Amino acid sequence: TMRDKVQEDKSNNLFSVHYLMGCHSAPVYSHLHATNVFVNAWYLDCSPECRQDEAVVCESEAFENDPSNFMQSIYSFPSIDGACEEEDNNHSCTNDDTKKTVPSFIVIMREDAVKVEGLLVDKWKATRVASIRHSIASISPHKQQMQHSKQFDVLSVLSLIDIHFEHMEVYTTI
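Structure report, in brief.

How each quantity is defined
- Residues numbered from 1 in each chain as written.
- Predicted model: local features only at pLDDT ≥ 70, side-chain atom pairs only at ≥ 80, totals over all residues.
- Heavy atoms only, no water.
- Helix = DSSP H or I, 4+ residues; strand = E, 2+ residues; numbered from the N terminus.
- Buried < 20%, exposed > 50% of the residue type's maximum accessible area, 1.4 Å probe, protein only.
- Contact = heavy atoms within 4.5 Å.
- Areas by Shrake-Rupley, 256 points an atom, 1.4 Å probe, with all protein chains shown as cover.
- Salt bridge = Lys/Arg side-chain N within 4 Å of Asp/Glu carboxyl O.
- Expected span 1.5 Å × (residues − 1).
- Bend = angle between axes of the 7 residues up to and from the residue.
- Pairing = 2+ DSSP bridges.

### Some words on the overall build of the chain
Phase 1 of the analysis: The secondary structure content of the chain amounts to five helices and eight strands.
Phase 2 of the analysis: Mapped from its N terminus to its C terminus, the chain presents α and β elements in the order α-β-β-α-α-α-β-β-β-α-β-β-β.
Phase 3 of the analysis: Here the chain holds 174 residues, and the buried ones make up 36% of them.
Phase 4 of the analysis: In the chain, 63% of the contacts between residues at least 6 apart in sequence involve partners at least 24 apart.
Phase 5 of the analysis: When the accessible surface of the chain is totalled, it reaches about 10800 Å², and 50% of it is carbon and sulfur.

Dropping the structure here:
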């Protein structure tokens, strides 16, 4: 089953990390530093070859347009007992080698995580393990009474300005 595969990989210190993030925003290996741990990283395609043909929808664009549908189309989703499930006459778990297996970790921007949390938590039984500041979303004058969006982390500097950060959310299936 999938859980057995993840356990086997864990015992070999081999982990897979899939970055479901927009073009050029995935940190890939620059954030993965651990002794004797081997990581297989994958990220959405937005290569020049893909983008040069307007008729082709790149993975990054397909994910941006509909994160939930994209994930269902590229991943095999095993049930808890490892058996395949059927939903809406669509096989959600197949032996199709073109489908990706559930990775050890998913890294996804917070605004997209909200859209696919049901898939991550219900289908994969994934657990959110970290929220990491990724980039500055905006800077605004500090207002004492201002209610900040839960989408961004806010840091007030000298009570003069607020810096709003976008976050990467990290989920694990281990």
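Don't stop here, the text continues.
### Examining the pattern of salt bridges
Phase 1 of the analysis: Under the counting rule described, the total for this entry stands at three salt bridges.
Phase 2 of the analysis: Of the charged contacts, one joins Glu 169 and Arg 110 as a salt bridge, the two residues approaching to 2.8 Å between their closest N and O atoms. Here Glu 169, found in strand β8 (residues 161-172), pairs with Arg 110, found in helix α5 (residues 110-123); they are 59 residues apart in sequence, far enough to count as distant.
Phase 3 of the analysis: The residue Glu 169 makes a salt bridge to Arg 128 at a minimum N-O spacing of 3.1 Å. Of this pair, Glu 169 sits in strand β8 while Arg 128 sits in strand β6 (residues 127-141), placing them 41 residues apart in sequence.
Phase 4 of the analysis: Through salt bridges with shared partners, one network takes in Arg 110, Arg 128 and Glu 169.

### Some details on α5
Phase 1 of the analysis: Given a rise of 1.5 Å per residue, 14 residues ought to cover 20 Å, and the 19 Å separating the end C-alpha atoms of α5 matches this to within 8%.
Phase 2 of the analysis: At Val 116, α5 is bent by approximately 65°, the largest bend along its length.
Phase 3 of the analysis: Of the positions making up α5, those classed as buried are Arg 110, Asp 112, Ala 113, Val 116, Leu 119, Leu 120 and Lys 123.
Phase 4 of the analysis: Positive phi appears at Lys 125, one or two residues downstream of α5, with a value of about 60°.

### Some points on the pairing of β8
Phase 1 of the analysis: Here β8 lies mainly inside the structure; 10 of its 12 residues are buried.
Phase 2 of the analysis: Where strand β5 (residues 105-109) lies against β8, five bridges are found, and the strand directions are antiparallel. Its bridge partner lying in β8, Met 109 is registered against Met 168.
Phase 3 of the analysis: Here 12 bridges tie β6 to β8, and the two strands are oriented antiparallel to one another. Among the inter-strand pairings, Ser 138 is bridged to a residue of β8, identified as His 164.

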